[in-house]
2 protein chains.
Amino acid sequence: MNNQKVGILGGGQLGRMMVEAASRLNLEVIILDAPENAPAKQIEATQSHISGAFNDAAKIRELAGKVDVLTVEIEHVDAQVLADIENEGKVKVHPSASTVKVIQDKFVQKNHLRANGIPVAAYVETPNSNAVLEAGKQFGYPFMLKSKTLAYDGRGNYVVKSEADIKCAMETLSKTPLYAEKWAPFTKELAVMVVRRANGEVRSYPVVETIHKNSVCHLVIAPAQVSGEVLKKAQVIAENAIKTFTGAGIFGVEMFVMKDGEILLNEIAPRPHNSGHYTIEACDTSQYENHMRAILDMPLGSTAMKVPASIMVNILGTSDSMELCYRPCKEALLTDGATIHLYGKKECRAGRKMGHITIVGESMMQVQKRLKPILHAIEPEIERPLTLRPLVGIIMGSDSDLPVMKVGAQILKNFGIPFELSIVSAHRTPMRMVEYAQSAADRGLMAIIAGAGGAAHLPGMVAAMTPLPVIGVPVKGTHLDGVDSLHSIVQMPRGIPVATVAINNSTNAALLAIRILGASIPSVQKQMSEYMKQMEGEVLQKVDKLDNVGWENY
Amino acid sequence: MNNQKVGILGGGQLGRMMVEAASRLNLEVIILDAPENAPAKQIEATQSHISGAFNDAAKIRELAGKVDVLTVEIEHVDAQVLADIENEGKVKVHPSASTVKVIQDKFVQKNHLRANGIPVAAYVETPNSNAVLEAGKQFGYPFMLKSKTLAYDGRGNYVVKSEADIKCAMETLSKTPLYAEKWAPFTKELAVMVVRRANGEVRSYPVVETIHKNSVCHLVIAPAQVSGEVLKKAQVIAENAIKTFTGAGIFGVEMFVMKDGEILLNEIAPRPHNSGHYTIEACDTSQYENHMRAILDMPLGSTAMKVPASIMVNILGTSDSMELCYRPCKEALLTDGATIHLYGKKECRAGRKMGHITIVGESMMQVQKRLKPILHAIEPEIERPLTLRPLVGIIMGSDSDLPVMKVGAQILKNFGIPFELSIVSAHRTPMRMVEYAQSAADRGLMAIIAGAGGAAHLPGMVAAMTPLPVIGVPVKGTHLDGVDSLHSIVQMPRGIPVATVAINNSTNAALLAIRILGASIPSVQKQMSEYMKQMEGEVLQKVDKLDNVGWENY
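Residues numbered from 1 in each chain as written. Chains lettered and ligands numbered in written order. Predicted model: local features only at pLDDT ≥ 70, side-chain atom pairs only at ≥ 80, totals over all residues. Heavy atoms only, no water.

In the annotation of an unreviewed UniProt entry, the entry for chain A reads Phosphoribosylaminoimidazole carboxylase, and the organism field reads Phycomyces blakesleeanus. Its UniProt record gives chain A the following Catalytic activity (unreviewed entry) comment, quoted word for word: "5-amino-1-(5-phospho-D-ribosyl)imidazole-4-carboxylate + H(+) = 5-amino-1-(5-phospho-beta-D-ribosyl)imidazole + CO2". Looking at the Sequence similarities (unreviewed entry) heading of the UniProt record, one finds this comment for chain A: "In the C-terminal section; belongs to the AIR carboxylase family. Class I subfamily." (UniProt positions renumbered as here; feature names shortened; annotations may be inferred.)

The structure is reproduced here in structure tokens:
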């Protein structure tokens, strides 16, 4: 599809998955890495690869002599050689040497981001112990002491809890220059993969939530189960950050969400990233394919998710036993929607990334259930209940409607459907209603149940401001026996429908919402069928009882 | 994940995609095929592959000496050597040698299937021209003359249109023994991939529709856009057929659907199949991974689709120009949800399978739209409108309700939503109603709109027998102004909801159905938002007009 040959600095799992994507497009790739049997080399037999370190200037030059485009699967490379090669003009370098240079020094990266108006935690250079002491005074304790370079997976970071820690922290991180960063008490970590063409075009993947364990990425939840507002903000920050760099390729942007909803960019990787593995099974185009497309200046592929929900689990070595690594994989073989990726590494070591498992499903409820046995095989001691984004919203005009509406809420709870419940009054909080209705679809809701009595404007007004199906529950008031509410809710003008159920019957509203979800979520539809079967069974039991006891004694 | 080494006879694209699946599971694979750079060898650099024909007994023995399990990517291999190896007991052969032997002779295959009660077209052995003449008398013209062996992609088949064709047919097919088959005037071709473990466990993938061009698979539509009844029948026949064989692996089962709904099994491939390529992007587990799992006696993976709809297009060489092959691929690069698979073949020839493109999407409507430009790049002269399965069912108690209900039908048509419309009366055709309601979900409907007047039992009775959301339209009768219908429809007992809209307002019923679809199909939700924006615009125009003309002249 493209006659340019690609050279990759580094032949680990990221390089391997790049090669996988490249092969499907008939693209030629040559790998530079020390091991003869590096993961990426194993699945590319048409080229003569180069054995050598990916930061060895001579070897990089040797690779450059064989290809048209150079790229990296790791940022800790010799950026100066890349800059020289770029300047000579024969071979393209993506992302650009200057991008790699800025990013590989985390202090320079922070300066670059701050200068470009991207929100980051406060930080300060600490050339000596006095400066570290000053940082403690400025930021308070704890704060982070960080290596400027060669840091990844938590290596190069030290939590300084008090003045007494400073000496030890500086000794531990003595190999590289340091800077200090204000402690960021985040509530969640998010990540966004952004792909960039050399012309500046960017496309971002969905915002995901990352859960780290011992500073290494453990789980990636896609999409992140946070509000639509936070999703939007994170996406904009990530895209804006990547627009400030030059060159092409995919970038991983890691962020913190603070208690007040503020988002701080933590760091950027100028390459495919662990938090983007899920894109292979869950998105239209994988991060690897989009990286290849970007560096070859081909059109970028869609970054949309093609499945409703996905979770990725990293498989790390726990010892030198490969068998222990295979334990979660063996669970995955028994799990619907789970795909195993092993990286072909011959030796297992504690902490080594040996593979990953991606689980997809028709809903996050399902994916979470599927994850359980796999996770249990890795960490039997820990329960990780996820907070899921609500799929159904229940609103009512007044707390006096709650006794009627809570019956429906209980049904949703019994079915295990994540939902939210609040008071939204058309007449007393009109602007809150507007905001609720207009944001509902973006927040991930699939249906809204609105209960109202009397004039009962809420369901119809909400329906007028959302494309979602709105279910109206006429609540019986003191007069007119609920017929006033019923007619107010059901007799909507042509153009805006409200799905009206019987007076005071929030049970049926909830069941209708579940049927709506079930239209696209097979397991929910199955639950509904079982519920109906159970109802039938209950009535048939009464038939039996009536037959046995007789109508007079019933 | 498994210490057994696999040897594959054949290193074409099917072998290549098997290797891709194997690498992700850390499985070791050795390829036997003549070309040094066979597609499958290109992506497996950890083994020493064997150069030689996959039907060369000595080479097969050489491969057997290096592996634990032998499998095939093509059935035209030396089955006797496989049988000998199997009998020696050191190396497993999957599927079994006898399975390969039965399937590779299409006449023997037919005998086997007929003997096991699988429906096939009438056929007869034709050892000489007299027998062919007799076949013509028995079956009438046209009939098919077929090679027993070495037939694929339509090669080895001859349509005998009249007695005068017989001589030419026999000369054309002179290289192998022949049999005659009754002409099967099918309406559609279906295919099902079935994976079988050695213990007899089978799992089938969704039924797909295949469209051939010059007897070569051109398009694969998943799921097949046929009724639920036909889907079920095809699946059962395919599973039953595969249960009759021995050994493990994936099988492609091709079938004809006749005018009367009867299904005839056409032929079986004992290996991954073109009609299963789509499983890589569209299913939980690809046919290739499930083949590897099956032959290694590992648990089978889920065969469910993970996306709502998919279409696969084959990329065939049209000449020796690779550029022409890349033309549809270049369209695919611009198409959301399209994934390109090129097979690494260095030389292009007319008719050669060079790659394929799989398109996925949130609905078959969307996939069909996405397919268009790609297909246009292959066959600009042909329009291929697909008949899509309905997503919404409109039913009414009587044709007298049609004037009210057709307004809603027009809305669905305008939105491009495939729907069906019929008369189903609760009181006059009760059993038809039961059948309609009970089959609705299996037939692929996502919502039902039911219109009824007076006692108006239809919506509620249908809702009682389906887990789908049912929308009720109260139709106004001669008395009571429609309030009778409204109350009959809306006042459902707890347990069975009907989404009731305003009296006679089938417009809102259709819009509600569209909102329900939109809850899981983003592009439909987007259409709904645009529709609402347009409505707003129309009213605002009237505001302007009123301002300009004045209320007295309006």
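Help me out: how do you make sense of the overall build of chain A in this one?
For chain A, the count of helices and strands is 19 helices and 23 strands. If you line up chain A on its principal axes, its C-alpha atoms span 95 × 50 × 50 Å. For chain A, with 554 residues in total, the buried portion stands at 61%. On chain A, the mean spot of the 57 positive side-chain charges and the mean spot of the 57 negative ones are 1 Å from each other. (Helix = DSSP H or I, 4+ residues; strand = E, 2+ residues; numbered from the N terminus. Buried < 20%, exposed > 50% of the residue type's maximum accessible area, 1.4 Å probe, protein only. Lys, Arg positive; Asp, Glu negative; His and termini not counted. Charge placed at Lys NZ, Arg CZ, Asp CG, Glu CD.)

Looking at this structure, I do not really get the relation of the copies chain A and chain B. What am I missing?
Put simply, the second copy of the chain is the first one after a rotation about an axis and a shift along it. Rotating chain A by 180 degrees about the axis while translating it 0.0 Å along that axis superimposes it on chain B, leaving an RMSD of 0.1 Å. In symmetry terms, the pair is related by a two-fold rotation axis. Both copies contact each other with a shared surface, as 100% of the interface residues of chain A are interface residues in chain B too. (Least-squares fit on C-alpha atoms with pLDDT ≥ 70 in both. Contact = heavy atoms within 4.5 Å.)

Sorry if this is basic, but what is going on with the interface of chain A and chain B here?
It is common to give the size of an interface as the accessible area that goes away when the parts come together. Opposite the 82 residues of chain A that make contact, chain B presents 82 residues. For the pair chain A and chain B, the two sides together bury roughly 6900 Å², of which 56% comes from carbon and sulfur. The interface formed by chain A and chain B includes four salt bridges. Remark: the boundary between chain A and chain B carries 38 residue pairs in polar contact (both at pLDDT 80 or more). Of the residues in the side of chain A that touches chain B, the class split is 46 nonpolar, 21 polar and 15 charged. (Buried area = accessible area lost by both parts, 1.4 Å probe. Salt bridge = Lys/Arg side-chain N within 4 Å of Asp/Glu carboxyl O. Polar contact = N/O pair within 3.5 Å; in protein donor to acceptor, adjacent residues only side chain to side chain. Nonpolar A, V, L, I, M, F, W, Y, C, P; charged D, E, K, R; others polar.)

I tried to follow the packing of helix 17 (residues 483-490) of chain A against helix 17 (residues 483-490) of chain B on my own but got confused; where do I start?
A pair of packed helices is captured by two measures, namely the crossing angle of their axes and the spacing between those axes. Here helix 17 of chain A crosses helix 17 of chain B at 95 degrees, and the two axes come no closer than 13 Å. Between helix 17 of chain A and helix 17 of chain B, the angle is such that the two are roughly perpendicular. Taken together, the residues of helix 17 of chain B that come into contact with helix 17 of chain A (itself represented by L486, H487 and V490 of chain A) are L486, H487 and V490 of chain B. Class assignment of the residues belonging to the contact of helix 17 of chain A with helix 17 of chain B gives a composition of four nonpolar, two polar and no charged. (Axes fitted to C-alpha atoms, helices over the stretch in contact; angles between N-to-C directions. Parallel < 35°, antiparallel > 145°, perpendicular 65-115°, else oblique.)

Looking at this structure, how should I read the nonpolar core?
A general trend in soluble globular proteins is that nonpolar side chains are found buried together. Counting residues in hydrophobic clusters, the biggest one holds 210 residues, and the most contacted among them are I417 and I449 of chain A together with I417 and I449 of chain B. Discounting chain neighbours no more than four positions away, the residues touching I449 of chain A are V392, G393, I394, I395, M405, L412, I471, V473, A509, A510 and A513 of chain A. (Core = buried A, V, L, I, M, F, W, Y, C linked by side-chain atoms within 4.5 Å.)

Would you mind going over the sheet that holds strand 8 (residues 157-160) of chain A with me for this structure?
Hydrogen bonds along the backbone pair up the strands of a sheet, which may run parallel or antiparallel. All names here are of chain A. A sheet is described by the order of its strands in space; here four strands give the open sequence 6-9-7-8, paired in antiparallel fashion. Whereas interior strands pair on both sides, the edge strands pair on one side only; in this sheet they are strand 6 (123-125) and strand 8. Each strand of the sheet is rotated relative to its neighbour by a mean of 25 degrees, with strand direction disregarded. Where strand 6 and strand 9 (residues 178-182) come together, three bridges link them in antiparallel fashion. Across the sheet, E125 pairs through a bridge with Y179, a residue of strand 9. Sheet contacts for helix 6 (residues 106-115): strand 6, strand 7 (143-147), strand 8 and strand 9; angle to strand 6, the most-contacted strand, approximately 130 degrees. (Pairing = 2+ DSSP bridges.)

Is there a simple way to explain the environment of Y278 of chain B in this structure?
Residues and elements named next belong to chain B. Locating Y278 in the fold gives a position in the loop between strand 15 (263-269) and helix 10 (279-282). Judged by its relative accessible area of 1%, Y278 falls in the buried class. On a C-alpha basis, the gap between Y278 and Y179 in space is 33 Å, while along the polypeptide they are 99 residues apart. The residues contacting Y278, other than those within four sequence positions of it, are Y205, P206, V208, V220, A222, C283, M305, S310, M312 and T358.

When you look at the pattern of salt bridges in this model, what are you seeing that I'm missing?
If the charged atoms of two oppositely charged side chains come close together, the side chains can form a pair. Residues and elements named next belong to chain B. In total, this model carries 40 salt bridges over all chains according to the counting rule given. Put simply, E125 and K148 hold a salt bridge, and the shortest N to O gap is 2.6 Å. Of this pair, E125 sits in strand 6 (residues 123-125) while K148 sits in the loop between strand 7 (143-147) and strand 8 (157-160), and the two are 23 residues apart along the sequence.

How do you make sense of the confidence of the model for chain A when you look at a structure like this?
Detailed reading of the predicted model is not advised wherever pLDDT is low. When pLDDT is averaged across chain A, the result is 95; 100% of the residues are at 70 or more. The complex model carries a pTM of 0.95, and its ipTM stands at 0.94. (pLDDT = per-residue confidence, 0-100.)

Which parts of the structure should I look at to understand the side chain of Q525 of chain A?
Tracing the backbone through its elements, the reader meets Q525 of chain A in helix 19 (residues 522-549). Taking relative accessible area as the criterion, Q525 of chain A reaches 17% and is therefore assigned buried. Look past the residues within four positions of Q525 of chain A in its chain and what remains in contact with it is G518 and A519 of chain A together with A441, P467 and L468 of chain B.

Is there a simple way to think about the packing of helix 14 (residues 402-415) of chain B against helix 18 (residues 506-518) of chain B in this case?
Residue and element names in this part refer to chain B. For the pair helix 14 and helix 18, interaxial distance at closest approach is 7 Å and the crossing angle is 35 degrees. Remark: the crossing between helix 14 and helix 18 carries right-handed chirality. For the pair helix 14 and helix 18, contact is made by V404, M405, V407, G408, I411, L412 and F415 and by S506, T507, A510, L511 and I514, respectively. (Left-handed = near helix turned anticlockwise from the far one by under 90°.)

Could you clarify how one ought to interpret helix 13 (residues 364-378) of chain A in this entry?
In an α-helix, one turn spans 3.6 residues; hence positions three or four apart end up facing the same way. Residues and elements named next belong to chain A. With 15 residues, helix 13 extends 20 Å between its outermost C-alpha atoms, agreeing within 8% with the 21 Å of an ideal straight helix rising 1.5 Å per residue. At K372, helix 13 is bent by approximately 35 degrees, the largest bend along its length, and proline P373 sits one to four residues beyond. Of the positions making up helix 13, those classed as buried are M364, M365, Q366, V367, R370, L371, I374 and L375. On its buried face, helix 13 is in contact with strand 13 (216-222), strand 16 (309-316), helix 12 (322-333), strand 17 (338-342), strand 18 (353-361) and helix 19. (Expected span 1.5 Å × (residues − 1). Bend = angle between axes of the 7 residues up to and from the residue.)

Quick question: what am I supposed to make of the state of the cysteines here?
What makes a disulfide is a covalent bond joining the sulfur atoms belonging to two cysteines. Enumeration according to the criterion identifies zero disulfides over all chains in this entry. The structure places no disulfide on C348 of chain A, whose sulfur is separated from the nearest cysteine sulfur, that of C325 of chain A, by 3.5 Å. As a non-bridged cysteine, C217 of chain B has C283 of chain B as the owner of its nearest cysteine sulfur, 15 Å distant. A residue is classified by how much of its surface remains accessible, and C217 of chain B, at 6% relative accessible area, is buried. (Disulfide = S-S within 2.5 Å.)

Can you help me understand the packing of aromatic side chains in this one?
Two numbers describe a pair of aromatic rings. These are the distance of the centres and the angle of the planes. Residue and element names in this part refer to chain A. Enumeration according to the criterion identifies 14 aromatic pairs over all chains in this entry. Look at F245 and F251: their rings are 6.1 Å apart centre to centre, the planes differ by 20 degrees, and that puts the pair in the stacked class. We note that F245, like F251, is buried. Feature note: the residues F107, Y123 and Y179 constitute an aromatic cluster, connected by ring pairs. Its guanidinium or amino end placed over the ring of Y436, R443 lies 4.9 Å from that ring's centre, counting from NZ or CZ. (Phe/Tyr/Trp six-rings, centres within 6.5 Å; stacked < 30°, edge-to-face > 60°. Lys NZ or Arg CZ within 6 Å of the ring centre and 35° of its normal.)

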